[in-house]
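# Observations on chain architecture
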Amino acid sequence: MGQFEIVRTVADLRAQVAQYRRSGASVGLVPTMGALHDGHLTLVRSAKLDNARVIATIFVNPKQFGPTEDLSRYPRDEAADVAMLKEVGADLLFAPDLGEMYPEGFSTSVSVGGISQHLEGASRLQFFNGVATVVSKLLLQAVPDRAYFGEKDFQQLQVVRRMVRDLNIPVTIVAVPTIREADGLAMSSRNRYLSPAQRKMASALPQIMHDTVTELRGGSVAAPIIANAKGRLHKAGFDRVDYLELCDEATLQPIPAARASSRLFVAAYVGATRLIDNWQVI
Ligand code: PAF
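Report follows, based on the coordinates.

Each value, and the rule that gives it
Within every chain, residues take consecutive numbers counted from 1 along the sequence as written. Since the coordinates come from a predicted model, pLDDT governs what is reported: local features require at least 70, and pairs of side-chain atoms require 80 or more to be given and counted, while whole-chain, interface and lining totals use all residues. To obtain the side-chain values, all non-hydrogen atoms of the structure were used and water was disregarded. For helices the rule is a DSSP run of H or I covering at least 4 residues; for strands it is a run of E covering at least 2, with both sets numbered from the N terminus onward. Radius of gyration here uses only the C-alpha atoms, and the compact-globule reference equals 2.2 Å multiplied by the residue count raised to the power 0.38. Three labels apply to residues, based on accessible area from a 1.4 Å probe with only protein chains included: buried if under 20% of the type maximum, exposed if over 50%, partly exposed otherwise in between. Whether two residues touch is decided by their heavy atoms; if any such pair falls within 4.5 Å, the residues are in contact. Accessible areas in this description were obtained via Shrake-Rupley with a 1.4 Å probe; residue shielding takes into account the shown protein chains only. Counted as positive: Lys and Arg. Counted as negative: Asp and Glu. His and the chain ends are not counted at all. The atoms used to mark charge sites are NZ of Lys, CZ of Arg, CG of Asp and CD of Glu. For two strands to be treated as a pair, DSSP must find no fewer than two bridges joining them. Note on method: axes are straight lines fitted to C-alpha atoms, helices fitted across the in-contact stretch only, with angles between N-to-C directions ranging 0 to 180 degrees. Note on terminology: near, applied to a residue and a molecule or strand, indicates that one of the residue's heavy atoms is within 4 Å of it. If the strands point away from the viewer and the path from the first strand over the helix to the second runs clockwise, then the crossover is right-handed. The rule for a salt bridge is simple: a side-chain nitrogen of Lys or Arg has to be within 4 Å of a carboxyl oxygen of Asp or Glu. Polar contacts, as counted here, are pairs of nitrogen or oxygen atoms within 3.5 Å of one another; within protein the pair requires one atom able to donate a hydrogen and one able to accept it, and residues that are adjacent in sequence qualify only if both atoms are side-chain atoms. Nonpolar core, defined: a set of buried Ala, Val, Leu, Ile, Met, Phe, Trp, Tyr and Cys residues in which side-chain atoms within 4.5 Å join the residues together.

When you go through the protein chain residue by residue, the secondary structure sums to ten helices and nine strands. Radius of gyration (C-alpha) of the protein chain: 19 Å, near the 19 Å computed for a compact globule of 282 residues. Counting only C-alpha atoms and orienting by the principal axes, one finds that the protein chain spans roughly 60 × 40 × 40 Å. Relative to its full complement of 282 residues, the protein chain shows a buried share of 54%. The long-range fraction of contacts in the protein chain, counting pairs at least 24 apart against all pairs at least 6 apart in sequence, stands at 72%. Surface accessibility of the protein chain: about 12,600 Å² in total, with carbon and sulfur atoms responsible for 52%. Charge centroids of the protein chain, computed over 31 positive and 29 negative side chains, lie 2 Å from each other.

Looking now at the pairing of strand 8 (residues 262-270). When you tally the buried positions in strand 8, you get nine out of nine residues, the bulk of the element. Two strands pair when backbone bridges link them, and strand 7 (residues 240-248) and strand 8 are joined in this way by eight bridges, in the antiparallel orientation. The partner of L244 across the bridge, within strand 8, is V266. Note: strand 8 against strand 9 (residues 273-280), eight bridges, orientation antiparallel.

What follows concerns the sheet that holds strand 7. With antiparallel pairing, three strands are arranged side by side in an open sheet as 7-8-9. In this open sheet, the two edge strands, each paired with only one partner strand, are strand 7 and strand 9. On average, each strand axis in the sheet is inclined to that of its neighbour by 10°, with strand direction left out of account. Contacting strand 7, strand 8 and strand 9, helix 9 (residues 204-216) runs over the sheet at an angle of about 30° to strand 9. Strands strand 7 and strand 8 of the sheet are contacted by helix 10 (residues 222-235), whose axis makes an angle of about 150° with strand 7.

With that settled, consider the site of the ligand. In the vicinity of the ligand, the contacting residues are P31, T32, M33, Q64, V131, V134, V135, F149 and Q156. Of all the secondary structure elements, the ones that give two or more residues to the shell around the ligand are strand 2 (27-32) and helix 6 (127-142).

We now examine the pairing of strand 3 (residues 53-58). The side chains of a regular strand alternate, first on one face of the sheet and then on the other. Taking burial as the measure, the six residues of strand 3 include six buried ones, the bulk of the element. Burial along strand 3 is two-sided: R53, I55 and T57 facing one way and V54, A56 and I58 facing the other are all buried. Crossover connection from strand 2 via helix 2 (residues 38-50) to parallel strand 3: handedness right-handed. Across three bridges, strand 3 lies against strand 4 (residues 92-94) in parallel orientation. Bridge assignment links I55 to a residue of strand 4, and that residue is L92. Tracing the backbone out of strand 3, into helix 3 (residues 78-88) and back to the parallel element strand 4 gives a crossover that is right-handed.

A few words on the pattern of salt bridges. Evaluated as defined, the whole model comprises 16 salt bridges. Residue D145 is joined to R21 by a salt bridge in which the shortest nitrogen-to-oxygen separation is 2.7 Å. Taken as a pair, D145 in the loop between helix 6 and strand 5 (146-150) and R21 in helix 1 (residues 10-22) lie far apart in primary sequence, 124 residues in all. Under the relative-accessibility criterion, R21 is labelled partly exposed at 33%. Notably, a salt bridge pairs R45 with D38, separated by 3.3 Å at the nearest N-O pair. The partly exposed category is assigned to R45, whose relative accessible area is 38%. Several salt bridges converge on common partners, so that one network encompasses E120, R124, R240, D242 and R274.

Before going further, it helps to spend a moment on the side chain of N278. Relative to the assigned elements, N278 resides in strand 9. Its relative accessible area of 3% is what places N278 among the buried residues. Within the local environment of N278, its side chain forms a polar contact with the backbone oxygen of E151, the two atoms lying 2.9 Å apart. A polar side-chain atom of N278 sits 2.6 Å from a polar atom in the side chain of R263. Apart from the residues within four sequence positions on either side, N278 is in contact with E151, K152, F154, R180, M209, R263, L264 and F265.

We now examine the nonpolar core. Counting 44 residues, the largest nonpolar core has I55, L139 and M163 as the members making the most contacts within it. Within the residue set of this core, elements represented by two or more residues are helix 1, strand 2, strand 4, helix 6, strand 5, helix 7 (154-166), strand 7 and strand 8. Here this core gets nine residues from one element, more than from any other, and that element is helix 6. With residues near it in sequence (within four places) discarded, M163 still touches V110, V112, A132, V135, S136, L139 and I169. Core analysis: the second largest hydrophobic core is formed by 27 residues, L194, L216, F238 and I255 among them.

Rendered as structure tokens:
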């Protein structure tokens with residue numbers, strides 16, 4: 001096993017990948033925006049099982065933040081991230097700056113229709129264009145064998161899969177199940193914004209998702225079950241529910257009752273912090 005290295009330019013990334021390829025190594029890519037937690041480290045661990053070399057990327061992508069979102073206060077701590085990446089055995093970190101990813105004159109946007117328009121796409125208009133643009137760049141910069149995405153961002157995972165198919169990007173997308181805290185809250189870099197009181201309140205979310213999914217499993221009409229769950233979220237202290245919807249996993253369109261391949265999707269605010277989650281129903 002070689003030394004952990006950090007590269008900041010596409011040229012250096014490609015030189016390193018070419019060296020891996022010369023030695024016959026397979027390559028896994030784990031794209032992140034940093035502020036790493038066990039969810040990200042699980043992606044790296046999964047990548048290590050499948051590939052001889054694992055590259056993590058850290059780039060806080062301004063194109064996927066809306067004008068009122070938290071780009072400037074998004075947590076950044078590269079030293080802590082690097083320590084974690086070394087600990088789990090990543091080989092390389094690609095951490096480009098803004099000018100390297102979006103040089104002067106950059107004018108291209110990758111837009112995935114259909115599945116990107118509902119749920120997160122409805123609440124955060126430019127979000128998936130930003131994600132698709134940066135992920136396509138990262139995949140084409142590194143050209144890995146496999147790239148790893150968490151099911152916590154299920155719609156993002158489906159958008160990336162669609163994009164890779166549509167654009168014939170030669171990479172296998174690997175989905176990794178959501179990693180949860182002991183009380184069931186999905187791990188997220190944004191959880192660190194929560195005060196201790198808000199964190200306690202947030203634990204109602206997985207509980208309500210669990211109960212709602214259990215009720216939906218029988219195939220009953222979803223609307224009253226979901227209305228009741230929304231009421232419980234408000235009662236538990238959630239300030240706003242952007243959506244709580246039962247959708248088909250493939251199309252991400254709402255469905256009236258659970259059927260094979262359904263998922264319950266939620267986005268709700270505790271104070272100013274927006275939490276998202278999704279649970280498989282059947
Ligand atoms: O899930 C994330 O952290 C980001 O959306 C990603 C995939 C790294 C693209 O910036």
